[in-house]
Amino acid sequence: MAPTSPRASRDAAVPSIRDVAAAAGVSYQTVSRVLNDSPRVRPETRATVLAAIEQLGFRPSRTARALSLGRARGITVVTSDTVLYGYAATLQGIEEAARAAGMSVSVRVVESAEPAEVRQAVEYVSDASAGAVVVIAFDTTGVAVLEALPAHVPAVAVAEPAAPDRGRVAIALDERGAAADATRHLLDLGHRTVHHVAIPSEGGQGGRLAGWRDALHAAGAAVPEVLGCGWDIASAYAAGRELAADPQVTAILCGNDDIAQGVRRALYDAGKDVPGHVSIVGFDDIPGAAYWTPALTTVRMDFPGLGRACFDAAMAELSGHPQPAPRLVPPALMIRESTAPPPPA
């Protein structure tokens, strides 16, 4: 006799829906109707089936049950990054909301906007087992996936505030207004203008960049050339070195707190004191920003709330219910030690 594999032994020990049907003396279709709370089952039959389920220790497959009703009732998040704070905190909010609702979350990481990568991601989430889809579209990779999704896939975008309408539900935080507030704070301290080190954005016109420009134009201040950098601190450090070499630079708005960290180090290496010589404002309020030396003035963003709102929107898309109004905490400027009036001329 051939030996029985451990997997075969486990499979044999797991009761199936047909085992429940045999124990209850009904068809497996009747068991399925009981599991799906169908009203087409007599109370006494339902009681018999539930007793058999309890006796056998049967646990229905949630995926199989969901697929029998259409798309799975779960969430698949498509993102190009799971480490950067904005992405990770948004994902945290989605997971928290899904866990509270008793639903699962899967994550599909797309490494680039290359057509083959995008196509594979779209094929993955187009399957009914993916459930509702949340695309974190803070960058060109996420946008490429969003634009390639078939119309029948229930999807919601975590978007930049200036993103064009793509026929999908899109939820964003008011980055533009927050960036304008941060820039005005520096101007109100007496700085003649504010330089900007920008994060990558969908089309080079993200909300943070637009808000910075809004405030400078409204104040009649000069609009310096934007210094762009990648998501990495090393490129922010290089931008900071360039700014440190210009004695006219007294205030810098950074696209996020990681960039602020790189710029701060570059100023330190150049012998520039913060905020004695140059004031810095970050964006996002990452954990620990209040404990830097000096403590970072930055914009607090409700990324977990954004994730929860996107979960609610995705569930509405999946079920065909009206879209709920997003409940988001507005961005807030956290004034700390890294900003001060400019040094005397």
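Refer to the structure above for everything that follows.
Heads up: these notes are all about the structure in this document. Please read all numbers here as calculations on a predicted model, not as lab measurements.

Rules used in this analysis
Every residue gets a number counted from 1 within its own chain, in the order that chain's sequence is written. It should be noted that, the model being predicted, local features are given only for residues of pLDDT at least 70 and side-chain atom pairs only at 80 or more, the latter also being counted only at that level, while totals for whole chains, interfaces and linings use all residues. Computation of side-chain values covers all heavy atoms of the structure but excludes hydrogens and water. Here, any two strands with at least 2 DSSP bridges between them count as paired. Numbering of helices and strands runs from the N terminus; a helix is a DSSP stretch of H or I covering at least four residues, while a strand is a stretch of E covering at least two. We call two residues in contact when some of their heavy atoms are within 4.5 Å. In this description, a line fitted to the C-alpha atoms serves as the axis of each element, helices being fitted only across the stretch in contact, and the angle between N-to-C directions of two axes falls anywhere from 0 to 180 degrees. The classification of residues rests on relative accessible area computed with a 1.4 Å probe and restricted to protein chains. Under 20% of the type maximum is buried, over 50% is exposed, and intermediate values are partly exposed. Aromatic pairing here means that ring centres of Phe, Tyr or Trp (its six-membered ring) are within 6.5 Å. Orientation follows from the plane angle: under 30 degrees is stacked, over 60 is edge-to-face, and everything else is tilted. The path from the first strand over the helix to the second decides the hand: if it runs clockwise while the strands point away from the viewer, the crossover is right-handed. Any Lys or Arg side-chain nitrogen found within 4 Å of a carboxyl oxygen on Asp or Glu counts as a salt bridge. Throughout, the term roughly parallel applies to angles under 35 degrees, roughly antiparallel to angles over 145, roughly perpendicular to angles from 65 to 115, and oblique to all others. For this classification, Asp, Glu, Lys and Arg are treated as charged, while Ala, Val, Leu, Ile, Met, Phe, Trp, Tyr, Cys and Pro are nonpolar and the rest, including Gly, are polar.

1. A look at the sheet that holds strand β8 (residues 251-254)
Phase 1 of the analysis: Overall, parallel pairing links the four strands, which are arranged β7-β6-β8-β9 in an open sheet. Whereas interior strands pair on both sides, the edge strands pair on one side only; in this sheet they are β7 (227-228) and β9 (279-281).
Phase 2 of the analysis: Judged from the three bridges that link them, strand β6 (residues 195-198) and β8 form a sheet pairing that is parallel. Considered in β8, the bridge of H195 is made with I252.
Phase 3 of the analysis: Sitting on the sheet, helix α9 (residues 175-188) is in contact with β8 and β9, with an inclination near 165° to β8.
Phase 4 of the analysis: Where helix α12 (residues 257-269) meets the sheet, it contacts β6, β8 and β9, and its direction lies at approximately 150° from that of β8.

2. A word on the environment of Q92
Phase 1 of the analysis: Mapped onto the elements, Q92 comes out in helix α6 (residues 85-100).
Phase 2 of the analysis: Residue classification places Q92 among the partly exposed residues on the basis of a relative accessible area of 40%.
Phase 3 of the analysis: Separated by 214 residues in the primary sequence, Q92 and L306 place their C-alpha atoms 9.8 Å from one another.

3. Describing the packing of aromatic side chains
Phase 1 of the analysis: Inspection of the entire model under this criterion finds four aromatic pairs.
Phase 2 of the analysis: Between Y85 and F303, the aromatic rings sit 5.9 Å apart at their centres with planes inclined by 80°, giving edge-to-face as the arrangement. Taken together, the positions of Y85 in helix α6 and F303 in helix α13 (residues 303-319) put the pair 218 residues apart, joining distant regions of the chain.
Phase 3 of the analysis: For Y85, a relative accessible area of 24% puts it in the partly exposed group.
Phase 4 of the analysis: Ring plane angle 85° and centroid distance 6.0 Å describe the contact between Y87 and W231, whose orientation is recorded as edge-to-face. Placement of the pair is Y87 in helix α6 and W231 in the loop between β7 and α11 (233-244), with a sequence separation of 144 residues.
Phase 5 of the analysis: Residue Y87 is classed as buried on the basis of its relative accessible area of 3%.
Phase 6 of the analysis: According to the relative accessible area criterion, W231 is partly exposed, its value standing at 28%.
Phase 7 of the analysis: Ring pairs connect the aromatic residues Y85, Y87, F138, W231 and F303, which therefore count as one cluster.

4. Observations concerning the pairing of strand β2 (residues 105-109)
Moving residue by residue along a regular strand, the side chains alternate between the two faces of the sheet.
Phase 1 of the analysis: Pairing between strand β1 (residues 75-79) and β2: five bridges, direction parallel. Each bridged residue has a counterpart across the sheet, and for T76 the counterpart in β2 is S106.
Phase 2 of the analysis: Handedness of the crossover joining β1 and β2 through α6 is recorded here as right-handed.

5. So, the pattern of salt bridges
Phase 1 of the analysis: One pass over the full model with this rule turns up eleven salt bridges.
Phase 2 of the analysis: Put simply, R184 and D181 hold a salt bridge, and the shortest N to O gap is 2.3 Å. With a gap of three residues between them, R184 and D181 both fall in helix α9, about one helical turn apart.
Phase 3 of the analysis: When its relative accessible area of 37% is taken as the criterion, D181 is described as partly exposed.
Phase 4 of the analysis: Between D285 and R336 there is a salt bridge; the shortest N-O distance is 3.1 Å. One end of the pair, D285, is in the loop between β9 and β10 (298-300); the other, R336, is in the segment after β11 (332-334), and 51 residues separate them in sequence.

6. A few points about the packing of helix α2 (residues 17-24) against helix α3 (residues 28-35)
Phase 1 of the analysis: Packing of α2 against α3 brings their axes to within 8 Å, and their N-to-C directions diverge by 105°. One element, α2, and the other, α3, form an angle in the roughly perpendicular class. Where α2 abuts α3, its residues I17, R18, V20 and A21 lie against Y28, V31, S32 and L35.
Phase 2 of the analysis: For the contact of α2 with α3, the class distribution of residues is six nonpolar, one polar and one charged.

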